[in-house]
Amino acid sequence: MPVILVANPKGGVGKSTLASNIAGFLAHRGHAVMLGDIDRQQSSARWLAQRPAALPAIRGWELASTEHLRTPKGVSHAVLDTPAGLRGKRLSQALKVADRVIVPLQPSLFDIQATYDFVRELQDASPEIALVAMRVRDGTLSQQQLHQFIEQLQLPLLAELRDTQNYVQLAARGLTLWDIAPGRVARDLEQWQRLCAWLERPPSVGKE
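Cut-offs and rules
- Residues numbered from 1 in each chain as written.
- Predicted model: local features only at pLDDT ≥ 70, side-chain atom pairs only at ≥ 80, totals over all residues.
- Heavy atoms only, no water.
- Helix = DSSP H or I, 4+ residues; strand = E, 2+ residues; numbered from the N terminus.
- Rg over C-alpha atoms; globule rule 2.2 N^0.38 Å.
- Buried < 20%, exposed > 50% of the residue type's maximum accessible area, 1.4 Å probe, protein only.
- Contact = heavy atoms within 4.5 Å.
- Areas by Shrake-Rupley, 256 points an atom, 1.4 Å probe, with all protein chains shown as cover.
- Lys, Arg positive; Asp, Glu negative; His and termini not counted.
- Charge placed at Lys NZ, Arg CZ, Asp CG, Glu CD.
- Polar contact = N/O pair within 3.5 Å; in protein donor to acceptor, adjacent residues only side chain to side chain.
- Arc of directions from axis to C-beta.
- Phe/Tyr/Trp six-rings, centres within 6.5 Å; stacked < 30°, edge-to-face > 60°.
- Pairing = 2+ DSSP bridges.
- Axes fitted to C-alpha atoms, helices over the stretch in contact; angles between N-to-C directions.

Undergrad: Can you help me understand the overall build of the protein chain in this one?
TA: The secondary structure content of the protein chain amounts to eight helices and seven strands. Over its C-alpha atoms the protein chain spans a radius of gyration of 16 Å, differing by no more than 12% from the 17 Å that the globule rule assigns to 208 residues. Principal-axis analysis of the C-alpha atoms gives the protein chain an extent of 45 × 40 × 30 Å. Relative to its full complement of 208 residues, the protein chain shows a buried share of 52%. Partitioning the contacts of the protein chain with sequence separation of at least 6, the portion at a separation of at least 24 is 80%. Counting only carbon and sulfur atoms, one obtains 49% of the accessible surface of the protein chain, whose full area is about 10,000 Å². Of the charged side chains in the protein chain, 24 are positive and 20 negative, and the gap between their average positions amounts to 4 Å.

Undergrad: Honestly, the side chain of Lys15 in this entry has me stumped. Any pointers?
TA: Looking at where Lys15 falls in the secondary structure, it is placed in helix 1 (residues 15–28). At 3.2 Å, the side chain of Lys15 forms a polar contact with the backbone oxygen of Asn8.

Undergrad: What am I meant to see in helix 8 (residues 193–200) here?
TA: Among all positions of helix 8, only Leu195, Cys196, Trp198 and Leu199 are buried. One side of helix 8 carries all its buried residues, which in axial view fall inside an arc of 160°. Structurally, helix 8 contributes buried residues whose contacts are with strand 1 (3–6), helix 1, strand 5 (100–105), strand 6 (128–136) and strand 7 (157–162).

Undergrad: Is there a simple way to explain the packing of aromatic side chains in this structure?
TA: By convention here, two paired aromatic rings are described through the distance between centres and the angle between planes. Per the counting criterion, the structure on display carries three aromatic pairs. Plain terms: the ring middles of Phe25 and Trp178 are 5.4 Å apart, the flat faces sit at 55° to each other, and that makes the pair tilted. With Phe25 in helix 1 and Trp178 in the loop between helix 6 (166–171) and helix 7 (186–191), this residue pair connects regions lying 153 residues apart in the sequence. Of the two residues, Phe25 and Trp178, neither departs from the other in class, the shared state being buried. Taking 5.0 Å as the distance between ring centres and 85° as the angle between the ring planes, the aromatic pair formed by Trp178 and Trp192 counts as edge-to-face. Of this pair, Trp178 sits in the loop between helix 6 and helix 7 while Trp192 sits in the loop between helix 7 and helix 8, and the two are 14 residues apart along the sequence. Neither residue differs from the other here; Trp178 and Trp192 are each classed as buried. Each residue in the set Phe25, Trp178 and Trp192 is aromatic and connected to the rest through ring pairs, giving one cluster.

Undergrad: For this particular structure, what's the right way to read unusual backbone geometry?
TA: Note: most residues except glycine have negative phi, and most peptide bonds are trans. Even without being glycine, Arg135 reaches a positive phi, approximately 55°. By secondary structure assignment, the location of Arg135 is in strand 6. Here the phi dihedral of Gln154 falls at roughly 55°; this positive angle occurs in a residue that is not glycine.

Undergrad: How should the sheet that holds strand 5 be read in this particular structure?
TA: Across the sheet, which stays open at both edges, the seven strands sit in the order 3-2-4-1-5-6-7 with parallel pairing between neighbours. Of all the strands in the sheet, just strand 3 (58–61) and strand 7 have a single pairing partner and so form its edges. Between one strand axis and the next, the sheet turns through 20° on average, direction left out of account. As defined by bridge partners, strand 2 (residues 33–37) adjoins strand 3 across four bridges and the pair is classed as parallel. Across the sheet, the residue bridging to Gly36 is Trp61, located in strand 3. Sitting on the sheet, helix 4 (residues 109–125) touches strand 5 and strand 6, and the angle it makes with strand 5 is about 170°.

Undergrad: Help me understand helix 2 (residues 43–50), please; the structure alone is not making it clear to me.
TA: In an α-helix, one full turn covers 3.6 residues, which means residues spaced three or four apart are oriented alike. For helix 2, the full list of buried residues reads Ser44, Trp47 and Leu48. Along the axis of helix 2, the buried positions cluster into a sector of 100°, meaning they face one direction only. In helix 2, those exposed residues whose orientation departs by more than 90 degrees from the buried face are Arg46 and Ala49. Tucked into the core, helix 2 has its buried residues touching helix 1, strand 2, strand 3, strand 4 (77–81) and helix 6.

Bear in mind that shape data such as this cannot, by itself, settle questions of function.
Shown next, in the form of structure tokens:
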């Protein structure tokens, strides 16, 4: 069972937005999905509480901390949202159950600097790692700088998600891109295509 860890030590990069929409995509594909949240703010857990019961189910993975973190039973996929400042022992504990790590980052100097050291730490732990750029504005200098940074990391960039209110408005109602008419979010769904294909294939690095 794949466990997908969404992590970046920088706060405000869109971890909960990304985690909830990943869970929503997998649920709409018919997978038995569980969404966990080890962030004290419990953003994903609160979002899940708002989710209408008629939509494809996403189970909550109740977690007080990373202590004694165990892979949940009875699900096909698990998505784990994480707090800002995830480092050291807490990060190591989360990585023990993770098959994949998705690192969201925004195209800003502060995000890039924080992400660089974090990615190097992840690479030492050897999970399958990929990047997702959040709140991107096409044709900007910050987007160019982001591309240059990603080239240095030599990691796959699975998506560049635009800066849009769609995610904010959907989150307030417990929804994801896949819970409304596709025509309303066609541009956003297109940006997810490569990321969705990556989520659907088996992890290249498994847990023993």
